[in-house]
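The residues making up each chain are set out below.
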Amino acid sequence: MRLTSRVAPAALAVAALLLGVLPAQAQADPDRAPDRAPDRVTVGDRTFIADGQGRALQWRGFNLADKNSRGTHAFADIHESDLKDMAARGFNLARLAFFWDDLEPTPGHYDRGYLTKMRRILDWANRYHIKVILDAHQDVYGPHFGSRGVPDWATRDEGLPFWPIPDDWFSEYFEPSVQTAFDHLYKDADLRAAHARMWMTVASALGRHPALLGYDLMNEPFAKFLEGEDLPAAAARFEATELTELWNRLAQAIRLVDHRSWVFVEPTVIVGVGVPTQLGHIDDPHAGYAPHFYETAMETGADYDPNGTFIPAYEAAISDYPTRHHMPVIVGEWGGNPYVPHASQFVADMTASLDRFASGWTWWQWCRGGGYCFLDQTGAAKPNAQLLVQPYARAVAGDPLTFAYEPATRTYTLTFRTRDNAEGPTRITVPRDTYPGGYRVDIQGNRASWDDHGQTVTVSTHGRAGATYRVTISPR
């Protein structure tokens with residue numbers, strides 16, 4: 001079915017803009033007043049999304065993805081109980097995968113039923129006070145190559161052969177046919193316009209939903225290699241040129257219909273082996289950075305090495321770009337096999353690392369079964385994955401200076417400095433599962449009080465702005 005005609009004028013406008021035929025003064029809708037945009041708080045070398053009270057926000061959650069259900073059965077494996085159970089464990093963020101091939105099965109015809117299902121999931125999230133990032137997901141480009149993502153009609157492989165590699169699906173990205181398809185998506189004027197129209201359709205339909213935090217513009221972007229390039233050289237060239245241009249172009253298209261939500265951009269996967277991104281500036285006042293954080297050796301079946309160099313190399317590579325551009329970091333995907341011998345140490349080390357450089361994350365993924373699923377077949381959290389259930393400060397009335405959780409002692413500490421323009425209390429999520437026998441709260445700092453309700457510890461400060469407080473939560 002075609003969406004209602006109210007989307008069409010804006011879609012045509014952005015298509016013309018992308019083809020370079022609109023003058024500069026026509027690049028925005030003059031009849032639309034900007035929404036009040038979310039703010040941000042920068043503390044040292046880290047930036048946080050802020051709420052309407054100026055509080056620095058933190059995020060913990062999961063990816064929701066149903067890659068097997070298509071067409072009328074899309075999202076069949078995602079249920080309201082998933083959002084309810086996530087919230088019951090204290091989580092406040094979901095990254096919801098959707099697929100362009102389902103949304104726009106033929107050129108210019110958008111499936112309203114698909115958008116209705118997306119809205120229904122957002123409704124569930126809102127019911128349980130969870131925010132959502134909509135992830136335009138692709139794996140190995142799309143269905144033309146046996147996967148999901150970019151529609152078959154938007155796939156131009158120049159007739160090059162494609163050979164599936166079932167035991168190493170990521171290697172399929174290196175097939176010339178797949179790389180050629182990506183190249184056409186970035187360079188062909190009609191595909192560029194279609195890509196932007198797709199995002200405008202989503203933003204127009206869902207951009208004002210109260211559960212929506214923002215848009216992850218494309219999962220794990222890839223590119224065509226030039227002759228003589230290895231992966232680091234190709235990634236650096238692509239990030240600095242075509243990928244920076246792509247993110248700016250899609251963000252600009254979204255802003256024609258949604259001024260409020262965040263747009264999240266990803267580097268290429270090369271950052272996962274400790275190579276800093278070469279992305280350029282994203283010219284959007286509410287752009288966030290959403291890298292992925294996978295341990296390369298574990299991705300090929302190895303155990304986690306607690307003495308390895310992966311985490312320090314990743315931290316060294318990941319922080320410069322968002323620090324220079326004052327972008328909040330929400331890691332869109334991370335995870336690992338919870339059954340390897342050192343799985344508990346892996347979760348402890350990774351969550352500690354994320355606390356050092358990010359303001360939020362979503363584990364891959366919320367599902368029942370094997371692999372990286374958080375739950376086993378019975379719906380119980382897997383023993384090592386259960387370590388993801390930790391206290392965190394979802395809203396800090398001031399500047400978060402340090403925050404950390406020590407799994408061995410189940411001790412959480414938060415140090416923050418109050419600000420004039422941060423109102424309301426600090427709210428710390430304390431999951432029931434973390435302290436089945438109860439907990440104690442200690443506060444260092446002048447004139448502060450606290451209470452708890454449900455899974456939230458509320459800290460109210462009554463001193464002057466610029467005062468520092470340290471909150472410690474530990475087993476009773």
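All of these numbers come straight from a predicted model, not from anything done at the bench.

Time to look at the overall build of the chain. Secondary structure summary: the chain contains eleven helices and 20 strands in total. Here the C-alpha radius of gyration of the chain, 22 Å, is about what a compact globule of 476 residues would show, namely 23 Å. Projected onto the principal axes, the alpha-carbon positions of the chain cover approximately 65 × 55 × 40 Å. Across the 476 residues that make up the chain, the buried fraction comes to 57%. In the chain, the proportion of contacts linking residues at least 24 apart, taken out of those at least 6 apart, comes to 73%. In the form shown here, the chain has an accessible surface area of approximately 19,400 Å², with 52% of it arising from carbon and sulfur atoms. Of the side-chain charges in the chain, 45 are positive and 58 negative, and the distance between the mean point of each set is 9 Å.

Attention shifts here to the nonpolar core. Counting residues in each nonpolar core, the largest one holds 108 residues, and the members touching the most others are F98 and V202. The element that contributes the greatest number of residues to this core is helix α6 (residues 189-206), accounting for ten residues. Sequence-distant contacts of V202, that is, excluding residues within four places in its chain, are made with F98, L103, L115, M118, L134, G207 and Y215. Ranked by size, the runner-up nonpolar core spans 23 residues in total, among them V43, L414, V441 and V471.

What follows concerns helix α4 (residues 112-127). An α-helix turns once per 3.6 residues; consequently, residues spaced three or four apart project the same way. Here α4 spans 22 Å end to end across 16 residues, near enough to the 22 Å set by a 1.5 Å rise per residue. Elements in contact with the buried residues of α4: α2 (80-88), β5 (93-98), α3 (100-103), β6 (131-136), α6 and β7 (212-216). The backbone nitrogen of G113 has a side-chain oxygen 2.9 Å away, supplied by the residue at the start of α4, namely D111. Backbone geometry just downstream of α4 places H129 in the positive-phi region, at approximately 60°.

UniProt tags residues 51-367 as "domain: Glycoside hydrolase family" (unreviewed entry). Within residues 51-367, the helical portion is 37% and the strand portion 14%, while the C-alpha atoms at the span's ends are 30 Å from each other.

Turning our attention to the sheet that holds strand β14 (residues 399-406). Taken together, four strands build an open sheet; the order of strands is β14-β15-β20-β17 and the sheet is antiparallel. In this open sheet, the two strands that pair with only one neighbour each are β14 and β17 (439-444). Neighbouring strand axes in the sheet, compared pairwise and without regard to direction, differ in orientation by 10° on average. In the sheet, β17 pairs with strand β20 (residues 468-475) via six bridges, with the strands oriented antiparallel. Directly across from Y439, in β20, lies its bridge partner P475.

As recorded in UniProt, the feature "domain: Glycoside hydrolase family 5 C-terminal" (unreviewed entry) lies at residues 391-473. Secondary structure across residues 391-473 comprises 0% helix and 58% strand; the distance between its end C-alpha atoms is 9 Å.

Below, the discussion takes up the side chain of R419. Tracing the chain through its elements places R419 in the loop between β15 (411-417) and β16 (426-429). When its relative accessible area of 17% is taken as the criterion, R419 is described as buried. At 2.6 Å, the side chain of R419 and the side chain of N421 are in polar contact. Once residues lying within four places of it in the same chain are set aside, the contact partners of R419 are V41, G54, A56, A397, G398, D399 and A465.

Calculation rules
- Each chain carries its own residue numbering, running from 1 in the written order of its sequence.
- It should be noted that, the model being predicted, local features are given only for residues of pLDDT at least 70 and side-chain atom pairs only at 80 or more, the latter also being counted only at that level, while totals for whole chains, interfaces and linings use all residues.
- The basis for the side-chain values is all heavy atoms of the structure; hydrogens and waters are excluded.
- Working definition: helices are DSSP H or I runs of at least four residues, strands are E runs of at least two. Numbering for both runs from the N terminus.
- Just to be clear, the radius of gyration here is over C-alpha atoms, and the globule rule we use is 2.2 Å times residues to the power 0.38.
- For the exposure calls, accessible area comes from a 1.4 Å probe over protein chains only, and a residue counts as buried if that area is under 20% of its type's maximum, exposed if over 50%, partly exposed in between.
- Here a residue-residue contact requires only that any non-hydrogen atoms of the pair lie within 4.5 Å.
- We get accessible surface area from the Shrake-Rupley algorithm with a probe of 1.4 Å; when it comes to residues, only the shown protein chains can shield them.
- Counted charges follow a simple rule, with Lys and Arg positive, Asp and Glu negative, and His plus the chain ends left uncounted.
- Here the site of a charge means NZ on Lys, CZ on Arg, CG on Asp, or CD on Glu.
- By nonpolar core is meant a set of buried Ala, Val, Leu, Ile, Met, Phe, Trp, Tyr and Cys residues that side-chain atoms within 4.5 Å join together.
- By this rule the span expected of a helix is its residue count minus one, scaled by 1.5 Å.
- What qualifies as a polar contact is a pair of N or O atoms within 3.5 Å, subject to a donor-acceptor requirement within protein and to the restriction that residues adjacent in sequence count only when both atoms come from side chains.
- UniProt positions are given in the numbering used here, feature names are shortened, and annotations may be inferred rather than shown by experiment.
- Note: two strands are recorded as paired if DSSP finds a minimum of 2 bridges between them.
- Here, axes are lines fitted to C-alpha atoms. For helices the fit covers the stretch in contact, and angles between N-to-C directions go from 0 to 180 degrees.

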